[in-house]
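Residue-level listing of the chains:
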Amino acid sequence: MSATNLFAGTEGLHSPVAHSYHAAARMTGRYRYINFQRSLGGGAAAVSARLLSQEPERDAAGRIVRLRTARPSFTPREIARLFQPYVSQRFLDQFKTVAPLAAYLVLFQLLFLRQLVQDSWLITGGLLAVILGLMFFMEGLKLGLMPFGTVIGATLPRKSSLPVVLILTLLLGIGVTFAEPAISALKMAGQNVAVERAPYLYALLNDWAGTLVLVVGASVGVAAVVGTLRFLYGWSLKPLIYLTLAPVLSLTVYAALRPELAKALGLAWDTGAVTTGPVTVPLVLSLGIGIAAAAGKGDSGLSGFGTVTLASLFPVGGVLLLLLYVASILSPEQIIAAAHAAQAAASSTPAWYQRSPSLEIVSGIRAILPLVVFLFLVLSALLREKLPHRSEIFLGIAFTIIGMCIFNIGLTYGLSKLGGSAGGLVPVAFMEVAGFADSPLYVYAVGLSLALLFAWVLGFGATVAEPALNALGITAEQLTNGVFKKRTLILAVSTGVAFGIALGLLKLIFDLPLVYMILAGYLLALALTVVSSEEFVNVAWDSAGVTTGPITVPLVLAMGLGFGNATHAVEGFGILSMASIGPIITVLLSGLWSRYRTGAQARAARTPITANIKTSEVFL
Amino acid sequence: MSDTITYLTDATMITAVVPAGRADDLLKAARDVGASGGIVHQARGTGARELLGLLGIAVEAEREVVNIVVPTDYQELVTNAIVHAGGLGKPGGGYLYLTALEKVATYIPEASMARLQAGD
C-alpha cells in the first residue's frame, strides 16, 4: 500500500472506481457529501498492520523464525494521557471517602457552633496528604504486597507442614499489624494523655507503645492461626465467640474493679477496631484460604469470615493482659515520676528524627519494611519461589512506603487536627468551655441533643460510604440466598455505628463507666448470637471490623480525645469500641427480623392447609 | 415455512476489547445510534502490561469484550460511536475489530418477514 491513499476513505482503498472518483473530484472541485462529513469528524484511515510491526527475525534460509515486538516509545503527552484515567480514578476513590466527612465536620462547626476551622489551610493540605497517601498506599499494596500474599497462600501450605504454616501465620499477623495505617493514629493519641490522671494509660501509649503494638500484632497473629484452623476443620464461629468473650469480659470486669486500671479499658477495647484494616484482612485471608484450598476444603462461602471477628476480639484480651503485667511491675507513682523525668530530659529540642515531618517518614518506613522483609524471606528462603514482575513489585513496595509516609504526615496535620478540633468544639454547644466567650451556645438540652445528633450523623455517614461494607453486603446477600438484602445490611451496620458513636460520646460527657456499656452490649450480642443462625452470626460479627477503615479510625479517635479534653474527661477512648459493638447488635437484630418476616410470609401462604403444617414445617 | 431457516446476510460483528468497566458506556453509545444490543464477556488480557514495563501498571489486566452485530451498511456509524464513547483512540483505551459474518440466523418477527417477502 502506498502512503498516498493512507487517508482515503476506507471503502475506497482498493476500489479502482473510487480512485477515478477522487481524480474526478480533484479536477471538477465536486465532492461527495459523505466525504465532506467524514472530513469534519476526522474520518477513517487504514494502515496495514504489518507497517506497525518490525521486520521479523529470519534464519539463514530466510524463513521467518520469530516476530519482533519492540517496546513502544511514548511521548510525555501520551504517557500523561495513559495515566490520566488511572490516577484520577484512584484519586476519586479516596477523595470520595475523605471529602464528605471533612465537609461535614467543617459545616457543622460553621453552622451550629459558629466557629471557623482554625489552620484551615494546614488541615486542607493535611487532608490532601491523606488522600494522596492512601492512594499510593492502596495501589502499592495491590502491586507490591498482594502478589506475595497470593503466591505464599498458594504454595506455602503445599510445601510446608501445618505447624510451620501456623507459625508463619502468627508472624504474619504481627507484620501486618505494624503496617496497618490506623495503628500510627493510636500511637499518636498517646501524646495527649495526662500522666497524672491516667498513669497506666499513659504508660501503655508512651513508654510501652512498641510493646503495645507488638502485643496487638501477636493477638492478631493468634487470631489468624485460630481463623485458619477454623477454615481447615470447619468449626462453627459461635463457640469460638463464646470462648473468646468469656475470658476477655472477665478480664475487663477484673480491670474495672481497680480504678487505676479501669481508665485504660477504653484503649483496650478500641484497639480491636484499629487492627482490622486494608493490610490485615486481605493478606491474612489469602493465606487462610490457600491453606484451606491445599487441604481440599474449597471456598465454602463462609470460610472467609470469622478471622476478622477474632482479629478484633483477641487484641482486646492481649492489651488487657499487657495492662495487668504493667500494673504488676510498676506503680502509678513510678510512672508519673518517670514521665516527669522524661519530660525534663526532653525539654531540649528533639533530634531530627523525632520531629515532624521526618518522624512520620521514619515511622512509615519502620511500619512497612519488616513486613516486606518477612514476606521476602518466606518466599525466597523457605519456598524458593520467584516472583513474577519483579520490577512492578519493587515499585509497589516503594509506593506502599511513600504512601505510608505521606499518610502519616496527613494524619498529623489533617485528620487528627480536624478531628481534634471538632471534638474540642462540640462541647461548646452545651457546656461552658474555657476560651469561648458565649459558651454554652444553646440551652443544655438542645446543645446536648445537637452534640449527640452530630455524632450520630458522623457515624452513619462515615459508614454508609465505606467500600468494604458494600463488598460485605454483596457476600451477605449471596450467603443468605437473598433473604438478607445488601441495602438492609448497609443500613443496619450504619445505624449500629451511628448509635455506637453517639453512645460513646454520652460516655465521655457523663463519664459513664465503660465496663457497664461493654458488658451490656456484648451480653446482648451474645444472647442474640445464641438464637441466630450461623450465616448471620458470621456476617454480623465481621461487620464490626469492616466498618473501621484508615480514615474513620483516626478521625473518631482524635475527635474523642479532643472532646474528652474539652469536657475534662479522664480519657477520650471508648467511642470506637462502642462503634464496634453497635453494628453487631443491629445486624443480628435485623437478621432475626428478616428471618421472622420470611417465616411469617411462609406461614401466611400456608394457612389454608391446616392438617399437616406442623410436620411439614419441621422438614422445611 | 416453519422448518425453513431464514439466514440474514450482510452482517458485521464489532468486537471491542476495553478495560473492565467501560462496556456499559460502549453499549449505550451503540444503542444510541440504533444498534439493537450486544454481549459483554469478562476477560483477562495479557501482553500490554508486560510490554510497557513499569508504565504497564496503568493497564489493568481485567478486560471486557463487547460483541455487537450490526448490518454491514451501518457498521461505520456504530464503530464511530463506540470509538468516541469508549475512548478507544486514547492510550490504554483498548481496541476493536470488525468481522464480516457469513450469515446470521435468528427468529424474525412475522410482520418483518411479511415485509421482506413483499419486497422480493
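Shown above is the structure to which this text applies.
Residues numbered from 1 in each chain as written. Chains lettered and ligands numbered in written order. Predicted model: local features only at pLDDT ≥ 70, side-chain atom pairs only at ≥ 80, totals over all residues. Heavy atoms only, no water.

## Side note on the overall build of chain B
Scanning chain B from N- to C-terminus turns up 4 helices and 6 strands. The C-alpha radius of gyration computed for chain B amounts to 18 Å, which surpasses the reference 14 Å derived for 120 residues by more than 25%, pointing to a less compact arrangement than a globule. Once the C-alpha set of chain B is aligned to its principal axes, its extents read approximately 60 × 25 × 20 Å. Of the roughly 7200 Å² of accessible surface on chain B, a fraction of 54% belongs to carbon and sulfur atoms. Separation between the mean location of the 9 positive side-chain charges and that of the 14 negative ones in chain B comes to 9 Å. (Helix = DSSP H or I, 4+ residues; strand = E, 2+ residues; numbered from the N terminus. Rg over C-alpha atoms; globule rule 2.2 N^0.38 Å. Areas by Shrake-Rupley, 256 points an atom, 1.4 Å probe, with all protein chains shown as cover. Lys, Arg positive; Asp, Glu negative; His and termini not counted. Charge placed at Lys NZ, Arg CZ, Asp CG, Glu CD.)

## Regarding the overall build of chain A
The helix and strand inventory of chain A stands at 25 helices and 2 strands. The burial tally for chain A puts 49% of its 620 residues in the buried class. Within chain A, contacts between residues separated by at least 24 positions form 83% of all contacts whose residues are at least 6 apart in sequence. Total accessible area computed for chain A in this model is approximately 29100 Å², and 67% of it derives from carbon and sulfur atoms. (Buried < 20%, exposed > 50% of the residue type's maximum accessible area, 1.4 Å probe, protein only. Contact = heavy atoms within 4.5 Å.)

## Quick word on empty space enclosed by the protein
Residue and element names in this part refer to chain A. Within the structure shown, the criterion is met by 5 cavities of 30 Å³ or more. Looking at the largest cavity, its volume works out to about 120 Å³. What lines the largest cavity is a set of 15 residues, among which Ser312, Leu313, Tyr522, Ala544 and Ser580 lie closest to the centre. Looking at which element gives the most residues to the lining of the largest cavity, the answer is helix H14 (residues 307–329), with 4 residues. Split by residue class, the lining of the largest cavity holds 9 nonpolar, 6 polar and no charged. Roughly 80 Å³ of volume is contained in the second largest cavity. Gly149, Ile152, Leu156, Leu168, Leu172, Leu283, Ser286, Leu287, Phe374, Leu375 and Val378 together form the lining of the second largest cavity. Those elements giving two or more residues to the lining of the second largest cavity turn out to be helix H5 (120–159), helix H6 (162–179), helix H13 (280–294) and helix H16 (358–382). (1 Å grid on protein atoms, 1.4 Å probe; cavity = no way out; pocket = protein on both sides within 12 Å on 5 of 7 lines; lining within 4 Å. Points joined across faces, edges and corners; volume = space filled by probe spheres on them. Nonpolar A, V, L, I, M, F, W, Y, C, P; charged D, E, K, R; others polar.)

## Here we look at the pattern of salt bridges
In total, this model carries 9 salt bridges over all chains according to the counting rule given. A salt bridge links A:Arg66 to A:Glu57; the shortest N-O distance between them is 4.0 Å. With a relative accessible area of 48%, A:Arg66 lands in the partly exposed category. A salt bridge links A:Glu260 to A:Lys263; its shortest N-O distance comes to 3.5 Å. Look at A:Glu260 and you get partly exposed, because its relative accessible area is 28%. Shared partners join several salt bridges into a network, and the residues in it are A:Arg90, A:Glu139, A:Lys142 and B:Glu60. (Salt bridge = Lys/Arg side-chain N within 4 Å of Asp/Glu carboxyl O.)

## As for the side chain of A:Thr280
Residue and element names in this part refer to chain A. Along the polypeptide, threonine 280 turns up in helix H13. At a separation of 2.5 Å, a polar atom in the side chain of threonine 280 contacts the side chain of glutamate 180. If we ignore the near neighbours within four places in the chain, the residues touching threonine 280 are Val176, Glu180, Val220, Thr275 and Leu285. (Polar contact = N/O pair within 3.5 Å; in protein donor to acceptor, adjacent residues only side chain to side chain.)

## What about the packing of helix H4 (residues 76–111) of chain A against helix H18 (residues 444–464) of chain A?
Axis angle and axis distance: for two packed helices, these are the angle between their axes and the distance between the axes, and together they describe the pair. All names here are of chain A. Look at H4 against H18: their axes get within 10 Å of each other, and the N-to-C directions meet at 170 degrees. Overall, the two elements H4 and H18 adopt an arrangement that is roughly antiparallel. Here H4 and H18 pass one another in a crossing that is right-handed. In this structure, H4 uses Leu101, Tyr104, Leu105 and Phe108 to contact H18, whose residues at the interface are Leu450, Leu453, Phe454, Val457, Leu458 and Ala462. (Axes fitted to C-alpha atoms, helices over the stretch in contact; angles between N-to-C directions. Parallel < 35°, antiparallel > 145°, perpendicular 65-115°, else oblique. Left-handed = near helix turned anticlockwise from the far one by under 90°.)

## Remarks on the interface of chain A and chain B
Tallying the contact residues gives 22 residues for chain A and 15 residues for chain B. Summing both partners gives a buried area of about 1700 Å² for chain A against chain B, and 65% of it is carried by carbon and sulfur. The interface formed by chain A and chain B includes 2 salt bridges. Between B:Glu60 and A:Arg90 there is a salt bridge whose closest N-O contact spans 2.6 Å. (Buried area = accessible area lost by both parts, 1.4 Å probe.)

## Digging into the layout of surface pockets
All names here are of chain A. The calculated volume of the second largest pocket comes to roughly 1500 Å³. In this structure, the second largest pocket is lined by 47 residues; those nearest its centre are Met138, Pro278, Glu466, Pro467 and Ala468. At the level of elements, H4, H5, H13, H18, helix H19 (467–479) and helix H22 (534–546) are the ones that each hand at least two residues to the lining of the second largest pocket. Top contributing element to the lining of the second largest pocket by residue count: H4, with 8 residues.

## As for the nonpolar core
The tendency in soluble globular proteins is for nonpolar side chains to be buried side by side. Residue and element names in this part refer to chain A. Formed by 131 residues in total, the largest nonpolar core has its most connected members in Leu204, Leu245, Leu489, Tyr522, Trp541 and Phe573. It is H14 that contributes the most residues to this core, 11 residues altogether. Other than its neighbours up to four places away in sequence, tryptophan 541 contacts Ile241, Leu245, Thr309, Leu313, Tyr522, Ala525, Thr529, Ile584 and Leu588. Residues Leu141, Leu156, Leu172 and Ile291 belong to the second largest nonpolar core, which totals 35 residues. (Core = buried A, V, L, I, M, F, W, Y, C linked by side-chain atoms within 4.5 Å.)

## Observations regarding the sheet that holds strand S2 (residues 11–19) of chain B
Residues and elements named next belong to chain B. Pairing within the open sheet is antiparallel, and its 4 strands lie in the order S3-S4-S2-S5. The open sheet has two free edges, formed respectively by strand S3 (39–44) and strand S5 (95–101), since each of these has just one partner strand. Between one strand axis and the next, the sheet turns by 25 degrees as a mean value, whatever way the strands run. Bridging between S2 and S5 involves 7 bridges; their strand directions are antiparallel. Its bridge partner lying in S5, threonine 12 is registered against alanine 100. (Pairing = 2+ DSSP bridges.)

Keep in mind these values describe shape, not function.
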